[in-house]
Amino acid sequence: MPKKTNPFFSTDILSLEQFSSSDLLLLFGKADKIRKVVEKKGYIDLLKGKLATLLFYEPSSRTFSSFAAAVKRLGGQVIEYQNPTQTSSAVKGETISDSTKVFETYSDVIIMRHPLEGTARIAAEAATRVPVINAGDGSGEHPTQAFLDLYTMYRQHKSLNGLKIILVGDLLYGRTVHSLLKGLALFKNVTVYLLSPKNLKMPDHVKAYAAKRGVKIVEISSQKEIPEGCHVWYWTRVQKERFRSLKEYEKVKLAYVLTKTLVDEKAGKKTILMHPLPRVGEITLDVDSDPRALYLTEQIKNGMYVRMALLALVLLKNG
Ligand code: NCD
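Scope of this entry: the structure provided in the associated data block. (Residues numbered from 1 in each chain as written. Predicted model: local features only at pLDDT ≥ 70, side-chain atom pairs only at ≥ 80, totals over all residues. Heavy atoms only, no water.)

Thoughts on the site of the ligand
Every residue lining the ligand is accounted for by Thr63, Arg113, His142, Gln145, Arg175, Thr176, Arg237, Gln239, Pro276, Leu277 and Pro278. Within the side chain of threonine 63, an N or O atom sits 2.8 Å from an oxygen atom of the ligand. Arginine 237 is positioned with one of its side-chain polar atoms (N or O) 2.7 Å from an oxygen atom of the ligand. Look at the ligand: alone it shows 320 Å² of surface, and the protein chains cover 93% of it. Partitioning the shell around the ligand into residue classes produces three nonpolar, five polar and three charged. (Near = heavy atom within 4 Å. Polar contact = N/O pair within 3.5 Å; in protein donor to acceptor, adjacent residues only side chain to side chain. Areas by Shrake-Rupley, 256 points an atom, 1.4 Å probe, with all protein chains shown as cover. Nonpolar A, V, L, I, M, F, W, Y, C, P; charged D, E, K, R; others polar.)

Section: the pattern of salt bridges
Within the structure shown, the criterion is met by 20 salt bridges. Here lysine 48 ties to aspartate 45 by a salt bridge, and the two come within 3.7 Å at their closest N and O atoms. Between lysine 260 and aspartate 264 there is a salt bridge whose closest N-O contact spans 3.2 Å. Here lysine 260 and its partner aspartate 264 are both found in helix H10 (residues 260–266), four residues apart, which amounts to about one turn of the helix. Given a relative accessible area of 51%, aspartate 264 falls into the exposed group. Three or more residues are tied together by salt bridges with common partners; here these are Arg35, Glu39, Glu298 and Lys301. (Salt bridge = Lys/Arg side-chain N within 4 Å of Asp/Glu carboxyl O. Helix = DSSP H or I, 4+ residues; strand = E, 2+ residues; numbered from the N terminus. Buried < 20%, exposed > 50% of the residue type's maximum accessible area, 1.4 Å probe, protein only.)

Some remarks on the nonpolar core
Counting 67 residues, the largest nonpolar core has Ile111, Phe147, Met153, Leu167 and Leu311 as the members making the most contacts within it. Counting residues per element, this core draws most heavily on helix H11 (residues 298–315), which supplies 11 residues. Those residues within four positions of isoleucine 111 in sequence are excluded, and the remaining contacts are Ala52, Thr53, Leu54, Leu55, Phe56, Phe67, Ile133, Ala135 and Leu311. Of all hydrophobic cores here, the second largest spans 20 residues; its members include Tyr193, Val263, Ala267 and Tyr295. (Core = buried A, V, L, I, M, F, W, Y, C linked by side-chain atoms within 4.5 Å. Contact = heavy atoms within 4.5 Å.)

Topic: the sheet that holds strand S8 (residues 232–235)
Taken in spatial order, the five strands line up as S7-S6-S5-S8-S9 in an open sheet, and their pairing is parallel. Edge positions in the open sheet fall to strand S7 (216–220) and strand S9 (272–274), since each of these has one partner strand only. Pairs of neighbouring strands in the sheet enclose a mean axial angle of 20°, with direction left out of account. Pairing between S8 and S9: three bridges, direction parallel. The residue of S9 that forms the bridge with valine 232 is isoleucine 272. (Pairing = 2+ DSSP bridges. Axes fitted to C-alpha atoms, helices over the stretch in contact; angles between N-to-C directions.)

Description of the side chain of serine 196
Residue placement: serine 196 occurs in the loop between strand S6 (191–195) and helix H8 (204–212). At 3.3 Å, the side chain of serine 196 forms a polar contact with the backbone oxygen of leucine 200.

Re the sheet that holds strand S3 (residues 109–114)
Neighbouring strands of a sheet are bound in pairs by backbone hydrogen bonds; such pairs are parallel or else antiparallel. On the basis of which strands lie adjacent, the open sheet formed by four strands has the order S2-S1-S3-S4 and parallel pairing. Strands with a single pairing partner mark the edges of an open sheet, and in this sheet they are strand S2 (77–82) and strand S4 (132–137). The sheet shows a mean angle of 10° between the axes of neighbouring strands, direction not considered. Note that S3 and S4 share four bridges and pair parallel. From the neighbouring strand, isoleucine 110 faces S4, where its bridge partner is valine 132. The strands touched by helix H2 (residues 62–73) are strand S1 (51–56), S2, S3 and S4; relative to S2, the strand with the most contacts, the crossing angle is about 165°.

Observations regarding helix H1 (residues 21–41)
With 21 residues, H1 should cover 30 Å at 1.5 Å per step; its first-to-last C-alpha distance of 30 Å lies within 8% of that length. Three or more residues of H1 are buried, namely Asp23, Leu24, Leu27, Phe28, Lys30, Ala31, Ile34, Arg35 and Val38. Viewed end-on, H1 has its buried residues packed into an arc of 165°, placing them on one side of the element. Opposite the packed face of H1, turned more than 90 degrees from it, sit the exposed residues Lys33, Lys36 and Lys40. (Expected span 1.5 Å × (residues − 1). Arc of directions from axis to C-beta.)

Here's the deal with the side chain of arginine 242
Among the structural elements, arginine 242 can be located in the loop between S8 and helix H9 (246–252). Of the polar contacts made by the side chain of arginine 242, one reaches the side chain of glutamate 58; its length is 2.9 Å.

Written out as structure tokens, the structure reads:
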């Protein structure tokens, strides 16, 4: 298959800006196929003999373990580094470029999370033989989270065109919403409502990127203004670790809380409730049992399948 038909093959996955709507639909189709087999058998040996390095310089539960699970259920193996700043040569002052060059000699793909925006790109430039997947770079992007979020919306609503979505919380430092908004911009007739504390607004460059591609963006400032009938409510945590002052964080951390009352008041029958997790109080526990709440169920499951699909497409020419 020529490269054209598999746009992911041997490609660094750094930003949602790299992809088209048909690329994403190809990814979702692959995830559906893999899911069918894995739900029956538990595994699909597409990556037998392949090795992935997970280099996570910042805490992670889901992204780290869903990538590890994805590689293993594909029959591949992993070198797992959580906390390299304490356990690898990074302690001795090794640069990202040098570490990347070392790990690319051992493995077929490097999956990296780092607290500094732009680090995945630095690693991708250093790696000349294997692709690098950005698993979250500071307040920059989190492309694989956007893939799983969009896949979740796609499975629920059957299309990403015509969606009306609200993004809530820390839209400034939250990398998931940056990638998500760029991804939504690939589809037609999308309206995105943004609700965040004044000092945590979506960066202008991300808004401009989406608006230029036809997304209708509406900034609102209170939960009262949430319009009825949104297809998706996407809540996020205020990113404590990006604040210089704890006092500033405390002031805004629970500015917007998703409660059962709010769901009953404003959500439609088909509204899905999403969150990239971890949640730290911004969704009350009584929302969890609502069938529209997908953050602890479908969204997680979709994360593994979409990452399996991505790894297969990145590592195998024929997907
Ligand atoms: C997110 C992240 O790391 O950006 N978590 C995740 O990957 N599921 C969201 C967050 O930490 O708030």
